[in-house]
Each structure stands twice: as C-alpha cells, then as structure tokens.
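# An overview of the molecular structure
Below are the chains, spelled out letter by letter.
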Amino acid sequence: MAMNIGSGSSSGEPEVMMEINTTPLIDVMLVLIIMLIITIPIQLHTVNLNMPAGTPPPSTKEPVVVTIDIDFDGTILWNGEALADRNALEAKLSQAAAEPDQPEVHIRPNKLVEYKSVAMVLASAQRLGVTKLGMIGNEQFVK
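Residues numbered from 1 in each chain as written. Predicted model: local features only at pLDDT ≥ 70, side-chain atom pairs only at ≥ 80, totals over all residues. Heavy atoms only, no water.

Here we take up a nonpolar patch on the surface. Nonpolar side chains collect at one region of the surface, where Ile26, Leu30, Ile33 and Ile37 lie side by side and expose about 390 Å² of accessible area between them. As for its position among the elements, Ile37 is in helix 1 (residues 23-39). By relative accessible area, which is 58% here, Ile37 ends up exposed. (Patch = residues over 30% accessible without salt bridge, like charges linked within 9 Å, V, L, I, M, F, W, Y side chains within 5 Å. Areas by Shrake-Rupley, 256 points an atom, 1.4 Å probe, with all protein chains shown as cover. Salt bridge = Lys/Arg side-chain N within 4 Å of Asp/Glu carboxyl O. Helix = DSSP H or I, 4+ residues; strand = E, 2+ residues; numbered from the N terminus. Buried < 20%, exposed > 50% of the residue type's maximum accessible area, 1.4 Å probe, protein only.)

Given below as structure tokens:
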C-alpha cells in the first residue's frame, strides 16, 4: 500500500498522491482467477473400454501357445526352432494370425538383447494382425 508522509511543505493542505493504488486491482484479479479455476471442468484422463457384460463362458479347451524367444545375439526361436531371418518369422506370424482361433504368442526376450530386435518382432506381429500377444519373463529386468 502506498502512502505519502510529509513532503516538507508548510501549508496545511495534504499533497495529492501521484501513485495508483493497486490493491483493489489485485483483489479483483485474484477473485477472477479463483472463479476461473472453479468453473473449469475437471479433465478426466480415462481410456474408454468396451468391457464384456457378465461372466464369460468357461473355456472348453486349452489355448495354443507359441513361444518366441529372442536370444542375446538377436536370434529368433519359434517354439525352440531357430528361424533363418525376418521373412521366416513373418511367414509364421501371418500363418498364426490367419487361424480362426489365434494362438497366444508369448515373446520372451533375453536380458542382453538389443531393443531393436524385440521391437522388430513386436512390429511384425502387430502389422500382421496377431491379437493375442504377451511379454513373459519380465522379472529378469528388475534390478
């Protein structure tokens, strides 16, 4: 708050204050900010999923599981069999994706493998339409 005390003039009249009093302006701005905060709707960061209603019917048969191991040097193993290259992997993945009841594809990378090898397998599986995909063996990455 600005205040002007004594100016050295001997007249009995007080001098005119030359500064603007900003306290009411600050009060008004604070009230406007509070009103703005109250009226802004709360942003909900949610993902909408269509969940099935009720209990699912019990499975009559065990699911087929395909395990893809990725060795430390980038070698890809399909159920224990080494695959020659990416084309062989994509042929197997497209064959699995074409089945009416897709098998579960479990990817198990080695702890020392480069990420690009794992990303290549994941990208190929996604591009070819494999829907039942999972990563297993993640406990090896916990320090």
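Take the pattern of salt bridges next. When the charged atoms of two side chains lie near each other, side chains of opposite charge can form a pair. As enumerated under the stated definition, the model contains 6 salt bridges in all. A salt bridge links Arg108 to Asp69; the shortest N-O distance between them is 2.7 Å. Placement of Arg108 in strand 4 (residues 104-109) and of Asp69 in strand 1 (residues 65-70) is noted, with a sequence separation of 39 residues between them. Across the salt bridge formed by Lys132 and Asp101, the nearest N and O atoms sit 3.5 Å from each other. Of this pair, Lys132 sits in the loop between helix 3 (115-128) and strand 5 (133-135) while Asp101 sits in the loop between helix 2 (86-98) and strand 4; the two residues are 31 residues apart in sequence, bridging distant segments of the chain. Given a relative accessible area of 43%, Asp101 falls into the partly exposed group.

The terminal C-alpha atoms of helix 3, which comprises 14 residues, lie 20 Å apart, in line with the 20 Å expected from a rise of 1.5 Å per residue. Where helix 3 is concerned, the buried positions are Ser117, Val118, Met120, Val121, Ser124 and Ala125. The buried residues of helix 3 all sit within an arc of 155° when viewed along its axis, so they share a single face. Summarising the geometry of helix 3, the exposed residues directed more than 90 degrees from the buried face are Tyr115, Lys116, Gln126 and Arg127. On its buried face, helix 3 sits against strand 1, strand 2 (76-78), helix 2, strand 4 and strand 5. Of the residues flanking the end of helix 3, it is Gly129, one or two places downstream, whose phi is positive at about 95°. (Expected span 1.5 Å × (residues − 1). Arc of directions from axis to C-beta. Contact = heavy atoms within 4.5 Å.)

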